[in-house]
Amino acid sequence: MTEPKHATPARDAFAGRLHPLTLLFDVLGVIRSFLLPALLLLLITQNLTMALILLVLMMPSVISALAKYLTFMYEIEGAELKISHGLLHRRHRNIPLERVHDLRIEQTWLQRFFKVVVAYVETAGGEGPEATLSVLSAERAEGLRAAIFAHTPTHAPASGVTQSAEPILLHRVSIFHLLLSSLSYKRMTFSLALSLGFFGLFGIDKILGFASGRDIVNWSGFLLSHTHKIIGESAILLVMMVFVFFMFLFITLAVSMVWSATIFHNFTLSRLGNDLHRAYGLLTRRASSLPWHRIQILEIEEDLIMRSMGLATVRADTAGSMAAAARVSGRDVLLPVINRSKIPVMLSYMLPDVGIETIAWQQVSTFAIRRGTLKGAIFIGLMTVLTLGVIPFPFGLAPVLLLPFVYGYNVVQYQYLAYAYGCNYFHTRRGWLRHSTYLIPIRNIQAVTVHQGLFDRRLGLATLKLHTAGQAYTGSGAFIPNIPEQEAYALAAQLVHHTAATRYRW
Amino acid sequence: MLTLQSQLQFYCRILTVSQQAQACFTHMQSSESPNSYRPIDQRVVRLWHLENTVRVGFMMLGLLLALVFLGHARPPLIMAWCGLLVVALVLARWFADKLYKSWRYRIDNEVLETHFGVIFHTTQLVPMPRMQHVDIHRGPLERSVGLATLVLHTAGTSQATILIPGLDAQYAVALRDYLVQLGVGHD
């Protein structure tokens, strides 16, 4: 099945309608949204009439889907992508092609069976996709992508980059590396949140499947009664806590592994001209492209576990980055996992003139240690006062024992905290357990802020913050604290004048 | 490129700018170098006093209502409430005065810079070519004292938006037009 072509398209125009299967997928979507309320109503009322009422309520959505299919038209004419739809309320949207950052393509397993895809037109506007074409045939979507980017001058290859018709594979993530990356702190935290949400929604006994809640209680009772004979009651409590901890750890690890392997299955990064293409996913297959010059800020993230295995994650923000749902779909990462040693080569395709190996890092003021320790000491002092109100002297002084750790933490933080001002890039790095290195093209800086709190002013320090567009995936990462005050102001002035002399490209 | 002073005088002539703005431009031309910081309009202190007083008033009224409804409206607590009200009003006034004294900004052909803060000092710098658009906000209280807030947007996050409060309304319009022209000149 192919989409019917739009009547008499203009010369050089790429025009068409949605695929006829749009109707099927839209109706399935409507059914899916009504299914849960319908089942609940049936269970509660046990009255078929209520289900019939729901069926009637579904009709406007079905008619809306039909109207969408019949009226939806897209067309590339001149330098614009024109989209129009609507029966009663007709909408026309003209998107300048030079503003299109990406034509993101997603394909669920059912859509893969029918060889259709959903295409999202992304621009720098951070409010979600500029337009959604659901659904198109896979070939048609690829044709649309080619037609859009053929009109976009910024997608022409840079000098020295040879243009080839086929994408060149830069990196493929192995399943082994994916499983290792699932141990990262962020994935584990995310998976823990997922697991807890899942348990909260369905109940732990239903998730485990092998036993009912009563079985678990009986089994725990048996375990407790036998253990009680060997060790005391307090020890049993400790054993139970350790057991629960490891059970959660195991489940979280399992969720993290399954999630990583499903979302990033067969992850490939390839290059076509100046565009970096990503394709990944087991159930829902996703494909997106990113012109390297649209990278606003790039982050290399290495947490303790990943670092010990010589691995890292690369994130990149464009002007249109949007945090919502990005982590679930894996859009926040440019490379989910890569060997640290391969990063310089990979960066040469992402930020061609960055030269990460030759960065001359400049450490911040040693007062950083004093500032951090002072803040920590004040916090510990307050904690001690509170503790002494509950626990008598001398045990109430226990929080004071944390002071050496606070000092040690600040020393380790200081050792990695640094910045570098290059010809075309500003670099910052920070972190303790999780090391983050940020690369910011100076031409993409939108504003610079110097911030000084009470402690900063006392010690003659300041925090320098660089603002770029996006920053949804890399967080508010482009800042460097504890720079000597005069140096921070001088750097800020130099950076804005440097930026003013460059041209910003979306 | 015309200087900032001559540009603003040009807009003054077109827009028949108020006496205060005229005085401000004359002062800029006569006594300040192009790169020196400029203060915001002193009328903003009155506005901030009023805003802070209203804010403190609402908070203290809430506290008083809580005391009454919880049955703790006894003389010692009412006395303490009165003391707290006086301290809060004095602090609010002091904060507005200090904030006004901390506020300054400067514009050259390439950069707009603002500096402000009482406890936390913040300096914001925006390269003029990164300016996307400029807005003027005028709330009812600002309108009542003839002031406006200039809002300069960039493509960055919300933190990369620059606000200059306490500008004479007509001066703000002239400054906006000047900034827009400066931004266009960089395109």
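Our structure is the block above this text.
What counts, and where the lines are drawn
Residues numbered from 1 in each chain as written. Chains lettered and ligands numbered in written order. Predicted model: local features only at pLDDT ≥ 70, side-chain atom pairs only at ≥ 80, totals over all residues. Heavy atoms only, no water. Helix = DSSP H or I, 4+ residues; strand = E, 2+ residues; numbered from the N terminus. Contact = heavy atoms within 4.5 Å. Areas by Shrake-Rupley, 256 points an atom, 1.4 Å probe, with all protein chains shown as cover. Patch = residues over 30% accessible without salt bridge, like charges linked within 9 Å, V, L, I, M, F, W, Y side chains within 5 Å. Salt bridge = Lys/Arg side-chain N within 4 Å of Asp/Glu carboxyl O. Pairing = 2+ DSSP bridges. Axes fitted to C-alpha atoms, helices over the stretch in contact; angles between N-to-C directions. Parallel < 35°, antiparallel > 145°, perpendicular 65-115°, else oblique. Left-handed = near helix turned anticlockwise from the far one by under 90°. Nonpolar A, V, L, I, M, F, W, Y, C, P; charged D, E, K, R; others polar. Buried area = accessible area lost by both parts, 1.4 Å probe. Polar contact = N/O pair within 3.5 Å; in protein donor to acceptor, adjacent residues only side chain to side chain. Phe/Tyr/Trp six-rings, centres within 6.5 Å; stacked < 30°, edge-to-face > 60°. Buried < 20%, exposed > 50% of the residue type's maximum accessible area, 1.4 Å probe, protein only. Lys NZ or Arg CZ within 6 Å of the ring centre and 35° of its normal.

Here the focus is the overall build of chain A. Counting its regular elements, chain A contains 16 helices and 21 strands. In chain A, once contacts between residues fewer than 6 apart in sequence are set aside, the share between residues at least 24 apart is 62%. As presented, chain A carries roughly 25700 Å² of accessible surface, and 68% of it is formed by carbon and sulfur atoms.

Residues and elements named next belong to chain A. Residues serine 134 and valine 135 are joined by a peptide bond in cis, for which omega reads 0 degrees. With respect to the helices and strands, valine 135 occurs in strand 7 (residues 131-137). Residue phenylalanine 393 is joined to proline 394 through a cis peptide bond whose omega torsion reads 5 degrees. Even without glycine at this site, lysine 115 takes up a positive phi of about 60 degrees.

Right, let's get into a nonpolar patch on the surface. Residues and elements named next belong to chain A. On the surface, Leu24, Leu28, Ile31, Leu35, Leu39, Phe113 and Phe114 cluster together into a nonpolar patch covering about 630 Å² of accessible area. Looking at the nonpolar patch, the elements that each hand over two or more residues are helix 1 (22-45) and helix 3 (109-114). With five residues, the top contributor of residues to the nonpolar patch is helix 1. Mapped onto the fold, phenylalanine 113 is located in helix 3.

Let us look at the sheet that holds strand 9 (residues 268-272) of chain A. Residues and elements named next belong to chain A. On the basis of which strands lie adjacent, the open sheet formed by seven strands has the order 7-6-5-11-10-9-8 and antiparallel pairing. Lying at the two open borders of the sheet, with one neighbouring strand each, are strand 7 and strand 8 (168-172). Direction aside, the axes of adjacent strands within the sheet are offset by 20 degrees on average. Alignment of strand 5 (residues 102-107) against strand 6 (residues 116-122), held across five bridges, turns out to be antiparallel. Note on strand 6: the bridge partner recorded for aspartate 102 is glutamate 122. The strands touched by helix 4 (residues 138-150) are strand 5, strand 6, strand 7, strand 10 (275-280) and strand 11 (285-291); relative to strand 5, the strand with the most contacts, the crossing angle is about 170 degrees.

Moving on to the packing of helix 3 (residues 43-69) of chain B against helix 4 (residues 75-102) of chain B. Residue and element names in this part refer to chain B. Where helix 3 meets helix 4, the closest approach of the two axes is 9 Å, and the angle between their N-to-C directions is 160 degrees. It follows that helix 3 is roughly antiparallel to helix 4 by the angle criterion. At the point where helix 3 passes helix 4, the crossing takes the right-handed sense. Tallied by class, residues from the contact of helix 3 with helix 4 come to 19 nonpolar, three polar and two charged.

All right, on to the interface of chain A and chain B then. The partner chain B presents 24 residues to the 29 residues of chain A that form the contact. Buried area between chain A and chain B, both sides added, is near 2100 Å², and the carbon and sulfur share of it is 55%. The largest per-residue losses of area from chain A upon contact with chain B belong to Gln446, His497 and Ala500 of chain A, which jointly make up 24% of the total buried on that side. Here chain A and chain B share zero salt bridges between them. For the pair chain A and chain B, the number of links is 10 residue pairs in polar contact (both at pLDDT 80 or more). Elements with a minimum of two residues in the side of chain A that touches chain B: strand 19 (445-452), helix 15 (454-459), strand 20 (461-468) and helix 16 (485-500) of chain A. Here the residues of the side of chain A that touches chain B are counted per class, giving 13 nonpolar, 12 polar and four charged.

Residue and element names in this part refer to chain A. Read across the sheet, seven strands follow the order 14-13-12-18-17-16-15 without closing on themselves; strand pairing throughout is antiparallel. Only two strands of the sheet have a single partner each, and these edge strands are strand 14 (333-339) and strand 15 (362-363). When strand 16 (residues 418-421) meets strand 17 (residues 425-430), the two strands line up antiparallel, connected through four bridges. Bridge pairing in strand 17 links tyrosine 419 to threonine 428. In this fold helix 12 (residues 343-350) packs onto strand 12 (297-302), strand 13 (311-317), strand 14 and strand 18 (435-441), with an angle of close to 155 degrees to the strand it touches most, strand 14. Lying on the sheet, helix 16 is in contact with strand 15, strand 16 and strand 17; it crosses strand 16 at an angle near 40 degrees.

Turning next to the packing of aromatic side chains. In this description, a pair of aromatic rings is defined by centroid distance and the angle of the planes. Counting across every chain of the model gives 11 aromatic pairs over all chains. Between tryptophan 103 of chain B and phenylalanine 116 of chain B, the ring centres sit 4.9 Å apart and the planes meet at 15 degrees, which makes this aromatic pair stacked. Of this pair, tryptophan 103 of chain B sits in the loop between helix 4 and strand 2 (104-107) while phenylalanine 116 of chain B sits in strand 3 (residues 111-116), and the two are 13 residues apart along the sequence. Owing to a relative accessible area of 22%, phenylalanine 116 of chain B belongs among the partly exposed residues under this scheme. Ring-pair connections join several aromatic residues into one group, and the members of that group are Trp259, Phe264, Phe267 and Tyr280 of chain A. Looking at arginine 104 of chain A, its charged tip hangs above the ring of tyrosine 120 of chain A, at a distance of 4.4 Å from the centre. When the ring centre of phenylalanine 14 of chain A is taken as reference, the NZ or CZ atom of arginine 140 of chain A above it lies at 4.2 Å.

Here we take up the side chain of glutamate 106 of chain A. Residue and element names in this part refer to chain A. Structurally, glutamate 106 is set in strand 5. Note on glutamate 106: relative accessible area 13%, which makes it buried. Here arginine 104 takes part through its side chain, which lies 2.7 Å from a polar atom of the side chain of glutamate 106. Filtering out sequence-adjacent residues up to four positions away, glutamate 106 remains in contact with Gln111, Val117, Val118, Tyr120, Thr284, Arg285 and Arg286.

What follows covers the pairing of strand 6 (residues 147-154) of chain B. All names here are of chain B. Judged by how many residues are buried, strand 6 sits mostly within the fold: eight of eight residues are covered. Going residue by residue along strand 6, you find Leu147, Thr149, Val151 and His153 tucked away on one face and Ala148, Leu150, Leu152 and Thr154 tucked away on the opposite face as well. Pairing of strand 5 (residues 131-137) with strand 6, which is carried by six bridges, proceeds in the antiparallel orientation. Bridge pairing in strand 6 links aspartate 135 to valine 151. Two elements, strand 6 and strand 7 (residues 162-168), share five bridges in a ladder whose sense is antiparallel. Bridging across to strand 7, alanine 148 finds its partner in leucine 167.

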